[in-house]
Amino acid sequence: MKNRAYISLGTNMGDRYQNLTNAITLLKEDPCIELESISSVYETDPVGYTDQDPFLNMVIEVKTTLTSLKLLDVCMNIENVLGRKREIKWGPRIIDLDILLYNQENIESEKLFIPHPRMSERLFVLIPLLEINPGIEMPGTGRSLQSYLDAIPDRKGVRIWKQKNGE
């Protein structure tokens, strides 16, 4: 398992916690993916399209033998299996899996942008990602993700929902 990736998970429909658990279970069932670390679960206010229920968000770290595009295919397949419908941009969803980082690579293709294009602006990504890897840097910049978090003045809208130690 030579490649390291960070994946954000989000949901605001149905049994939100079960949606996260189901997605992680399906990722772990793939023989090419090894779960390394899991953040706490955060309840977050919606961003973009705000007329919807709050989300549960978290970040996981995996090791994988898959290429970034194959990992994206696995993530999209899991979204489909769990019932994801893409109807409203940034709208309600059963599950959302986004690859945030893949090794320290910068990737731009028709299907995939890594680092995830808006991750440096989103508290619901930065907070759980920094929880599992506080020293991580934005690929190609030498700039810590903590510095991006420090530059966001308003920290409202992200609340701890379930700490990873189970509290």
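A short tour of the structure in this document, coming up.

Conventions we followed
Residues numbered from 1 in each chain as written. Predicted model: local features only at pLDDT ≥ 70, side-chain atom pairs only at ≥ 80, totals over all residues. Heavy atoms only, no water. Helix = DSSP H or I, 4+ residues; strand = E, 2+ residues; numbered from the N terminus. Buried < 20%, exposed > 50% of the residue type's maximum accessible area, 1.4 Å probe, protein only. Contact = heavy atoms within 4.5 Å. Core = buried A, V, L, I, M, F, W, Y, C linked by side-chain atoms within 4.5 Å. Disulfide = S-S within 2.5 Å. Salt bridge = Lys/Arg side-chain N within 4 Å of Asp/Glu carboxyl O.

**With respect to the side chain of Ser68**
Step number 1: In this structure, Ser68 sits in helix H2 (residues 68–81).
Step number 2: Accessibility expressed as a relative area gives 9% for Ser68, which makes it buried.
Step number 3: Beyond its immediate chain neighbours, meaning those up to four positions away, Ser68 contacts Ile99, Tyr102, Ile107, Leu112 and Ile114.

**Notes on the nonpolar core**
Step number 1: Ile7, Leu9, Ile60, Leu71, Leu97 and Ile99 are the most contacted members of the largest nonpolar core, which has 26 residues in total.
Step number 2: Elements supplying a minimum of two residues to this core: strand E1 (3–11), helix H1 (16–29), strand E4 (55–64), H2 and strand E5 (96–102).
Step number 3: No other element matches the five residues that H2 contributes to this core.
Step number 4: Ignoring any residue separated from it by four or fewer positions in sequence, one finds Ile7 in contact with Met58, Val59, Ile60, Val62, Leu71, Cys75, Leu97, Asp98, Ile99 and Leu100.
Step number 5: In terms of nonpolar packing, the next biggest core, distinct from the first, is built from 20 residues, Leu100, Val125, Met138 and Leu145 among them.

**Comments concerning the state of the cysteines**
Step number 1: Throughout the structure, instances matching the rule amount to zero disulfides.
Step number 2: In this structure Cys32 is a free cysteine whose sulfur lies 13 Å from that of Cys75, the closest cysteine sulfur available.
Step number 3: A residue is classified by how much of its surface remains accessible, and Cys32, at 26% relative accessible area, is partly exposed.
Step number 4: Classification of Cys75 by relative accessible area gives buried; the value is 0%.

**Re the pattern of salt bridges**
Step number 1: As enumerated under the stated definition, the model contains six salt bridges in all.
Step number 2: Between Arg16 and Glu43 there is a salt bridge, with the nearest N and O atoms lying 3.0 Å from each other. Taken together, the residues Arg16 in helix H1 and Glu43 in strand E3 (residues 41–44) connect sequence positions 27 residues apart.
Step number 3: You can call Glu43 buried: its relative accessible area is 18%.
Step number 4: The partner of Asp45 in a salt bridge is Arg159, with the nearest N and O atoms 3.1 Å apart. Highlighted residues: Asp45 in the loop between E3 and E4 and Arg159 in strand E10 (residues 158–162), separated in sequence by 114 residues.
Step number 5: Residue Arg159 is classed as partly exposed on the basis of its relative accessible area of 32%.
Step number 6: Taken together, the shared-partner salt bridges in this structure form one network comprising Arg16, Glu43, Asp45 and Arg159.

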